Each structure stands twice: as structure tokens, then as C-alpha cells.
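Now for the letters of each chain:
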Amino acid sequence: MRELRGIPVSPGVAVGEALVLNVEGFSIPRRVIPPEAVPAELERLERAMVEVSDELARHRDAMNRDLGPKYGAIFEAHLMILQDSGLRNDLRELVRQKFYSPEYAVDRVVRRYAELLHKVRSRNLADLLDIEKRLLRTLLGRPREDFSQIGRPVLVLAHNLTPSDAASLNPDFVKGFVTEVGGPGSHAAIIAAALEIPAVVGTGPYLGEVTSGDTVAIDGYRGIVVLRPDAQALARFEQEAAKRRSRAAQLESLRDLPAVTPDGTRIQLFGNIEFPEEVQHCVDRGADGIGLYRTEFLYLGAQREPDEEDHFRAYSKVVQSMAGKPVTIRTFDLGADKVPHLPDPEEERNPCLGLRSIRLSLRYVPMFRRQLRAILRASALGDVRVMFPLVATLPELRHAKMILGEVMEDLAEEGIDFNRRLPVGIMVEVPSVVVMIDRFIQEVDFLSIGTNDLIQYTLAVDRNNKDVVSLYNDSDPAVLKLIEKTVQAAERRPVPISLCGRMSASPTYTMLLLGLGLRQFSVPPSAIPEIKRVCRSVTIAQCEAVARRALTLETARDVTRYLRGELRKYVPDFVD
Amino acid sequence: MSEAKATRRVTVANHTGLHIRPISLLAKLASQFRARIEVVKDRQRANAKSVLELLSLGGQPGEEFLLEAEGEDAEAAVEALARLFAQGFHEDEAQTAH
């Protein structure tokens, strides 16, 4: 039994069979073979090596023929690595003497050489890993783990999950996951929360200690993972799961009750979604609408750029499922590396500060127009609003609105139906917007404070960098003041304002945010019941007192402690 | 088998260093000889017939190695390999990107 600690990024408790992926994303089903299987397995290994050699020779010949000898040379080199007698002897020996399966032997031997090559910074490390991929693919008879093919309930254990991996997880079978790296802002984390399966990331290395088939327990509330739990640990997990289930049932009863404070103020609770399929969760939790539809997930894992119909299909599904309740669609919020057909940005050293989101949209206008057309068409079907991410300057906003205006003209000419008065808003996540907020409120129909990135940019902290992630703090006094300034400005016009970062889903901050004047929260649907409970337990007067005091404190630590203390008075058994 | 030994000092002359292309030429040539051949850098010894072992040596431009061969054709072996080093593995003709 081995216990691991990591960052909890999606709540839930799960116990089940592990599916372990090696660093390249292959799952090695079996590590050891029975002695009598050795001859057959050696033969399988030889066959795989011959097959891959043939494959490489074919590629080499094709390259030589089509492009010239220097291109074929790379495959010639791969062939030489594969034919290296040292490599072959190592592989055979592991199978013959240590009874490793061929796949496991390949994994181990390549790891060892990879370390040596890494030490001398060999440019050919990638070549070695490429050969490993080919060998494993041939031995396993399939490409790297295809998540959509998993057919039984498993807990996925991996080094990392790319956004496309995570996006293709089937929640019917994947009951949770654990990764060695990753942080709370990662896409894997967002997707786990969207699928409502427990996930723990950033545990550090552990894959060497577990095999597919082992029993694993995940606690996504506290960030605890237990490999091969003993009877006692299993019992504890079962207890925890039962406690959570009964609590969920309790909160279930709140579903049809409104989020109203005891002194009669109605709070609107919206849901954040990534996929149309999640709308059902929002409906089930009684959400007042969709406060944030993250559209970049249409691009992640796609083979080609989604066209206008792909966008429209997804948006109309969401709008129709929400049956008249507002749906706020945010335009593409990622970098070029996530879009299949765009050129990769040149070695972006600071992707957070780079060509992404609205900047990317304004650079690749045809792509932006495709998305805007679909959003406008969907606006004919219900209460749709459009929101631009990462706006930092007034010219940027005006440019985006100008393009939107052009697209509207096109649609009008084509006789296609849309809402001429489509509300246009922006995410408040770049500090410059807060500084200039009095100007921005004149040019938008609504605002949404994106604290996830606002905190990053304000405190200059990369929330995915484990060395500094402790500096990233929702409670930071500077951040609170920025929120206060923004909400006050919004009240002056007035402009509807919501908060859609992780902070809004955390009961610790509800009183503070209500006290600052916020009346709209957009949260992952699973958080709606808990936030609703807090809203129904505190008066605005109480919240305003809490906010006033919190804003006098100087450290994030003091703020958090104070807020938790206050919340406990009104909701003694709150869970965060 | 006679225990003839031969050694030669060589330098990595080509500006791309000892990456996989020169290494595969080296290994291919070395395999044509019967002698046991090693490329030595300080304490590290690599079998000249093994691409992977040679890759693990690194090999920046200007670096010096010692060629050590043992066996019948030891002298011929180090002669041939030294020539290959001196010619910079024909890298300039190849001008390969990697």
C-alpha cells in the first residue's frame, strides 16, 4: 500500500481498478510473464523488431525517392538504433532472465538509454522515443491509448493528460484520474470537474510503483490517492464516499429553491460549461443559465478546425436545452498551439502573455468570423450573449466589436436570422481593464470577472508552476481591491457583472463577494448547491460587514482565516 | 586471435557535433572490422559498433576522443575511423538538418 498526496482538482471519491499509462501514453497491460511463456514472448519481440525495421526501411526508401537522401537518412538512423546489438541484447535478456513482458522490457530499456541521452543533451532523444512508440504500437497492436475505447470502469493513472486526452475520456468508464504533473488551472482539471469525476494532479512520480489492474482509491476533495489500499484504508474510503453521498442528497433538496438571502436579495447562480453535454448538470442543479460557455473545447482534440456548422450545432444544442435561460458564449480563449491548422507560435516563452484568446482571434480573422457567425445564428434561438476573453485595451474591444458588426451585416444581407441587439461583454482578467474600468463600462453590455487569470496577472504568478503556485492566492488583498473597484464601477452605470473564476465556487468567498456587491456567480454546476446554501444562510448586511473588515486586512492568510471564521458562524458545516 | 592493439587520438571536426548521422556512419564502418573497438572520453567507454552507446557519449565540436582497438585488424580499424573523424563525417556535403 502506498499513499500519495497531490493537488485536488475535482471533487469526489472513487475506488477501482487502475489503468496505468506510461510516459508516452501507452498502457502496458502486463509486466511479468510466466517462465513457460518466454519462448513465445521472445518470438513476439523478434517479430515486432522485424516489423518495425521493415516499416522504417519503407519510410527511408520513400523519403529517399521523394525528397532525397538526406531525408531518408533519419529513418536510416532509426533503423541503426533499432538494429543496435546492445539494445537487442538488453531487451532479450530482460525477457529471458527477468521474465519481463516485451512491452515492459522495451519501456525499461528505452528509459535507461533515454536518461543517458538526456544527460548529454542529445538531439536524438526524440528519435529513440519515436522508436519506442513504434515498437510498443506494434507489440500492443494499437496506437497509444485510445480513451474512447476503454470499456470497463477504471481509474486512469498517467504522467499527464493532454487536453485532447482529457476531452475524450468517457465518464461512463473513467471514474477518476491521477497525474504526476499538472495544476489546478490545467485543462485536465477543468474537464474532470466538468465530468464530475474525482481527480488529483501534481503528485510527483509514482507510476513506477503501480501496475494496471491494481486497486486504487482517489479522494478528490483532499488530494489523497492510495495505491493498493489495505482493508482498513478501503473502509475509510467507503465511509468518506458514503458521507459525501448523503451530503449530496441533502443539497439535492435545495435544487428547486431559489438562491435568496434571508433579507430577500435574489442571487443568480449560473453554470460554467465546456461541452454541450454538461448542460444537463446545470439543469439538474437549477442553474439560472450558463454564465460561461468555454468554446475552446470545440478545438481541443479535433482533427481539423471546427467549421461554422460545428460551432452552430454545439451552441444551438446548449441554447435549446437551457429553454430561454441566458447563455453566455465566450469566444476562443487559447493559444495557436491548440488549433489544428494554425502555425505553432515561435517558441513562446510566456504563453500566458502571448498570442492567444482575443489576440489570436483578431489575428486570424476568418476563424473569428466563423465563430461569430455561429454565435449570431444561435442568438435567434434564445437568450444568447457573447463575451470576449483577455481584452486588455479599448482598441482591442472596439476592433472585436467592429468585426462583429461586419458579420452582422453579412448575415443581414444573407437574410439569416439573428439578434441585432446581441449583448456584448468582456472578461475582466487583465489588470489594465480594472484600471480603465470607467471607460470599459461605457462600451460593454456586461462584465465577468475572471479571477483565475486576474490573480495570475496581478500577482505575476504562473498557477501551473509548482515552484510558485503557493503565491497564487484568491484571498490576496490586491485582488480583493481590484474586484471591489470593478464591481463599484459596474454599479455606477449600471452594468450587470458576474464572477466566473474558481473563487466564485468556493463558499469561503461567498459572503465577501456578496458584501462587495456581486449578485451573479458563475460556477461549475456541482458547486451550485453549496453556494446556494450559503446565500440562503446570510443577510446582505452581514456580508457587507464581512467585506468591509476583510478589505482592511493585509495578508491573504489573514483574509482566508477571517472569512472561514465568519462563514462558520452562519454555515457551521460548510465544505470547501 | 592475436592481441594487436592500436590507439589514435581524434577530434570532432564537424560543427554539428557527434549526432546520429555521423554516429551511424561510425558504427557502420566499425562493424566492418573484427577487432573490438572502443571510443573513449575521459572515463566513459563506448562500443564503436553500438549506435546507442556512442550517442550516450555526447560529442560536441572540438571534443577529443581516444580510439582503442584490440584484435587482428586493430590498426586498420583505427586508421579508417580516424580518417572518418578527420573528414568531418562528410557533414558539409550532407548538410543535414538534424
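Here the residue index of a chain counts from 1 through its sequence in written order. As a convention, the first chain written is A and the first ligand written is 1, with the rest following in written order. Predicted model: local features are reported for residues with pLDDT of at least 70 only, side-chain atom pairs are reported and counted for 80 or more only, and whole-chain, interface and lining totals are derived from all residues. Side-chain calculation: all heavy atoms of the structure are included, whereas hydrogens and water are not.

Asker: How would you sum up the overall build of chain B? Please name residues and give values.
Answerer: In terms of helices and strands, chain B carries 4 helices and 4 strands. In sequence order, chain B lays out its α and β elements as β-α-β-β-α-β-α-α. Looking at chain B as a whole, 52% of its 98 residues qualify as buried. Once local pairs closer than 6 in sequence are excluded, the contacts in chain B between residues at least 24 apart make up 73%. A 1.4 Å probe and the Shrake-Rupley method give the accessible areas. Residues count as covered only by the protein chains that appear here. As presented, chain B carries roughly 4,800 Å² of accessible surface, and 45% of it is formed by carbon and sulfur atoms. In this description a helix means any DSSP run of H or I spanning at least four residues, a strand means any run of E spanning at least two, and both kinds are numbered starting from the N terminus. Working definition: with a 1.4 Å probe on protein chains only, accessible area under 20% of the residue-type maximum means buried, over 50% means exposed, and in between means partly exposed. The criterion used for residue contact is that any of the two residues' heavy atoms lie within 4.5 Å.

Asker: Tell me about the interface of chain A and chain B, and name the residues and values.
Answerer: You'll often see interface size given as the accessible area lost when the parts meet. Across the boundary between the two partners, chain A contributes 16 residues, which contact 18 residues of chain B. Buried area is calculated as the accessible area (1.4 Å probe) missing from two parts once they are joined, with the contributions of both summed. Of all residues in chain A, the largest losses of buried area upon contact with chain B belong to Met-80, Arg-123 and Asn-124 of chain A, amounting jointly to 31% of the total for that side. Definition used for salt bridges: Asp or Glu carboxyl oxygen within 4 Å of a side-chain nitrogen of Lys or Arg. In this structure, the connection of chain A to chain B is made through 1 salt bridge. Under the rule applied, a polar contact is a pair of N or O atoms within 3.5 Å (in protein, one hydrogen donor and one hydrogen acceptor; residues adjacent in sequence only if both atoms are side-chain atoms). At the boundary of chain A and chain B, one finds 3 residue pairs in polar contact (both at pLDDT 80 or more). Secondary-structure elements contributing two or more residues to the side of chain A that touches chain B are helix 2 (69-82) and helix 4 (102-119) of chain A. By residue number, the principal contributor to the side of chain A that touches chain B is helix 2 of chain A, which donates 6 residues.

Asker: Lay out helix 3 (residues 74-86) of chain B in plain terms, naming residues and giving numbers.
Answerer: Residue pairs spaced three or four apart in an α-helix point in one direction, given the helix's 3.6 residues per turn. All names here are of chain B. Under the 1.5 Å per step criterion, the end-to-end length of helix 3 is 18 Å for 13 residues, consistent within 8% with the ideal 18 Å. Within helix 3, burial applies to Ala-74, Ala-77, Val-78, Ala-80, Leu-81, Ala-82, Leu-84 and Phe-85. Close packing links the buried residues of helix 3 with strand 1 (5-11), helix 1 (20-31), strand 2 (36-41) and strand 4 (64-70). Positive phi appears at Gly-88, one or two residues downstream of helix 3, with a value of about 65°. Helix span is expected to be 1.5 Å times the residue number reduced by one.

Asker: For the nonpolar core, give the residues involved together with the corresponding values.
Answerer: Take the buried residues of types Ala, Val, Leu, Ile, Met, Phe, Trp, Tyr and Cys, join any two whose side-chain atoms come within 4.5 Å, and each joined set is a nonpolar core. Grouped together as the largest cluster of nonpolar side chains are 98 residues, with contacts concentrated most on Phe-388, Ile-426, Leu-447, Ile-483 and Leu-512 of chain A. Per-element accounting of this core gives the leading share, 8 residues, to helix 13 (residues 394-414) of chain A.

Asker: Requested: an account of the packing of helix 12 (residues 365-378) of chain A against helix 13 of chain A, with residues and values cited.
Answerer: Residues and elements named next belong to chain A. Interhelical geometry of helix 12 versus helix 13 gives an angle of 60° and a closest axis separation of 10 Å. With respect to helix 13, the element helix 12 is oriented oblique. Seen along the crossing, helix 12 lies across helix 13 with a hand that is right-handed. Contact residues: helix 12 offers Val-365, Phe-368, Arg-369, Leu-372, Arg-373, Leu-376 and Arg-377, while helix 13 offers Ala-400, Ile-403, Leu-404, Glu-406, Val-407, Met-408, Asp-410, Leu-411 and Glu-414. Nonpolar residues are Ala, Val, Leu, Ile, Met, Phe, Trp, Tyr, Cys and Pro. Charged residues are Asp, Glu, Lys and Arg, and all others, Gly as well, are polar. Its residues placed into classes, the contact of helix 12 with helix 13 shows 10 nonpolar, no polar and 6 charged. Angles run from 0 to 180 degrees between N-to-C directions of axes, and those axes are lines fitted to C-alpha atoms, restricted for helices to the stretch in contact. By the definition adopted for this analysis, an angle is roughly parallel if under 35 degrees, roughly antiparallel if over 145, roughly perpendicular if from 65 to 115, and oblique otherwise. Note: crossing handedness is left-handed where the near helix turns anticlockwise from the far helix by less than a right angle, and right-handed where it turns clockwise.

Asker: Break down the sheet that holds strand 6 (residues 199-201) of chain A for me, with residues and values.
Answerer: Residue and element names in this part refer to chain A. The sheet built from 8 strands is open, its strands ordered 1-8-7-3-4-5-6-2 with mixed pairing. At either margin of the open sheet sits one strand with a lone partner, and together these are strand 1 (2-5) and strand 2 (7-10). Strand-to-strand twist across the sheet, computed as the mean angle between neighbouring axes with direction ignored, equals 30°. Pairing of strand 2 with strand 6 involves 3 bridges; the strand directions are antiparallel. Bridged to Ser-10 within strand 6 is Ala-199. Sitting on the sheet, helix 8 (residues 231-252) touches strand 3 (13-20), strand 7 (215-219) and strand 8 (224-227), and the angle it makes with strand 3 is about 125°. If DSSP finds at least two bridges between two strands, the strands pair.

Asker: So, the pattern of salt bridges: which residues are in play, and what are the values?
Answerer: Residue and element names in this part refer to chain A. Tallied over the full model, the rule gives 58 salt bridges over all chains. One salt bridge connects Arg-44 with Glu-41, and the closest N-O pair in it is separated by 3.0 Å. Note that Arg-44 and Glu-41 are positioned in helix 1 (residues 38-67) at a spacing of 3 residues, about one turn of the helix. Salt bridges sharing partners connect three or more residues here, namely Asp-219, Arg-222, Glu-240, Lys-243 and Arg-244.

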